[in-house]
Amino acid sequence: MIEVQHLSKFYNDQKVVDDVSFTVAQGEVLVLLGTSGSGKTTTLKMINQLVEKSSGSVLIHGKNTETYKAHELRRKIGYVIQSIGLFPHYTIHENIATVPELLNWPKHKINSRVKELLMLTGLPENMATKKPHELSGGQQQRVGIARALAADPDVILLDEPFGALDPITRSELQHEFKTLNSDLQKAMVLVTHDVLEAVILGDKIALMDQGKIQQIGTPSDLIFEPANDFVKKFLAQNRIQLELHVIRLNDLQKFTSLRLSTKEDALCTLAEYLSKNDDDEILKTYFNYRDKIISAYGKH
Ligand SMILES: Nc1ncnc2c1ncn2[C@@H]1O[C@H](COP(=O)(O)OP(=O)(O)OP(=O)(O)O)[C@@H](O)[C@H]1O
């Protein structure tokens, strides 16, 4: 469990992170969402001490990170970044084994862990001997995730992990990632400026602006109960898709409050979204939505 308490950061006189607090339980993904320069990455890096905080505290499993030794912190916190940051001259095996090597794990334990992680992240075993440049961007990003998981940390920090990928690979990895975390039960903090990604991946979203959290809550909270105009405006784009992502059977009455311009728009958007999903729950929901749309807009 991560507890971030009243974290702030000044650069000279500028307060770039302003009294940020949140908690992330095991198995939960908290997304830090916001425009460029809103303080997301700085907040993330204060958690693993890559950036020194000006004030506030970070606790992992109730223990202040200041009291952890550097190697303990490395073991406890995995870190994934957009540019992947794989060592170009190392093989994939060596890249994944970086932290276990630093922690002096015995060879056999490292070898079996690397094998296990390749499987877990959907990479073929024979990839272990390749160098990063021989892999596609999506495969490299999987290696980045495998490397962050190597020493089985309780906490994973991810900075725009899918940002450099094409939309199809991105969407594939996002969905795999979500399944992966429900199996692994890590406490994750993920930085993105992509609203849809935040809604897909986040159990909770902290929407930041100018260093401050404007609202923190479930995707549904932010979408249906925005705390202020900033939140409302930030989520205005792709609003329908966002709503359809978060909506579940018990949210049906909220669906009728969608302000779609025409019934056809509503049905097309719904059909388009559903064509990309074969989740049973969503399919069931589809028929309910459809009826709701038709009754909300009338037959014609
Ligand atoms: N080392 C630094 N020295 C001075 N100012 C910095 C430094 N690092 C970041 N900043 C400033 O802090 C603010 C927050 O930056 P940060 O990288 O946390 O934003 P962000 O929300 O992650 O943005 P992006 O999505 O563009 O990465 C920005 O105004 C940035 O210019």
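Model, not experiment: these values are computed from the prediction.

Visitor: What should I look at first to understand the overall build of the chain in this one?
Guide: The secondary structure content of the chain amounts to 14 helices and 10 strands. Restricting to contacts in the chain with at least 6 residues of sequence separation, those with at least 24 account for 67%. Total accessible area computed for the chain in this model is approximately 14800 Å², and 50% of it derives from carbon and sulfur atoms.

Visitor: Explain helix α6 (residues 137–149) here, please?
Guide: What sets the pattern is the α-helix's 3.6 residues per turn: residues three or four places apart point alike. Taking 1.5 Å per residue as the helical rise, α6 with its 13 residues ought to reach 18 Å, and the 19 Å between its terminal C-alpha atoms agrees with that figure. With 11 of 13 residues buried, α6 lies mostly within the body of the structure. Each element contacted by the buried residues of α6 is listed here: β6 (77–81), α3 (92–96), α4 (98–102), α5 (107–120), β7 (155–159) and α7 (167–184).

Visitor: I'm lost on the side chain of glutamine 140 in this one. Help?
Guide: When you line up the elements, glutamine 140 lands in helix α6. Assessed through its relative accessible area of 18%, glutamine 140 is described here as buried.

Visitor: What's the story with the nonpolar core in this structure? I'm lost.
Guide: Within soluble globular proteins, side chains that are nonpolar tend to cluster in buried spots. One finds Ile96, Phe177 and Leu235 to be the most contacted residues of the largest nonpolar core, which totals 48 residues. Not counting chain neighbours up to four residues away, the residues in contact with isoleucine 96 comprise Val114, Leu117, Leu118, Val143, Ala146, Arg147 and Ala150. Val4, Val20, Met46 and Val191 belong to the second-largest nonpolar core, a separate cluster that totals 26 residues.

Visitor: How do you make sense of the packing of aromatic side chains when you look at a structure like this?
Guide: Given two aromatic rings, their pairing is described by the distance between the two centres and the angle made by the two planes. For the structure on display, the rule yields three aromatic pairs. Relative to phenylalanine 234, the ring of phenylalanine 230 lies with its centre 5.7 Å away and its plane at 35 degrees, an arrangement referred to as tilted. With a gap of four residues between them, phenylalanine 230 and phenylalanine 234 both fall in helix α10 (residues 229–234), about one helical turn apart. Exposure remark for phenylalanine 230: the relative accessible area of 24% places this residue in the partly exposed category. Sitting over the ring of tyrosine 11, lysine 9 keeps its end group 5.0 Å from the ring centre. A cation over an aromatic ring shows up here: arginine 147 above the ring of phenylalanine 87, its NZ or CZ 5.3 Å from the ring centre.

Visitor: Is there a simple way to explain the sheet that holds strand β5 (residues 63–64) in this structure?
Guide: Backbone-to-backbone hydrogen bonds pair the strands of a sheet. The strands run either parallel or antiparallel. Ordered by their spatial adjacency, four strands build an open sheet running β2-β1-β4-β5, and the pairing between neighbours is antiparallel. In the strand order of this sheet, the two ends are held by β2 (14–24) and β5, each with one partner. When strand β4 (residues 55–60) meets β5, the two strands line up antiparallel, connected through two bridges. Pairing of isoleucine 60 across the sheet is with lysine 63, part of β5. The strands touched by helix α1 (residues 40–47) within the sheet are β1 (2–11), β2 and β4, with β1 carrying the most contacts at an inclination of about 120 degrees.

Rules used in this analysis
- Residues numbered from 1 in each chain as written.
- Predicted model: local features only at pLDDT ≥ 70, side-chain atom pairs only at ≥ 80, totals over all residues.
- Heavy atoms only, no water.
- Helix = DSSP H or I, 4+ residues; strand = E, 2+ residues; numbered from the N terminus.
- Contact = heavy atoms within 4.5 Å.
- Areas by Shrake-Rupley, 256 points an atom, 1.4 Å probe, with all protein chains shown as cover.
- Expected span 1.5 Å × (residues − 1).
- Buried < 20%, exposed > 50% of the residue type's maximum accessible area, 1.4 Å probe, protein only.
- Core = buried A, V, L, I, M, F, W, Y, C linked by side-chain atoms within 4.5 Å.
- Phe/Tyr/Trp six-rings, centres within 6.5 Å; stacked < 30°, edge-to-face > 60°.
- Lys NZ or Arg CZ within 6 Å of the ring centre and 35° of its normal.
- Pairing = 2+ DSSP bridges.
- Axes fitted to C-alpha atoms, helices over the stretch in contact; angles between N-to-C directions.

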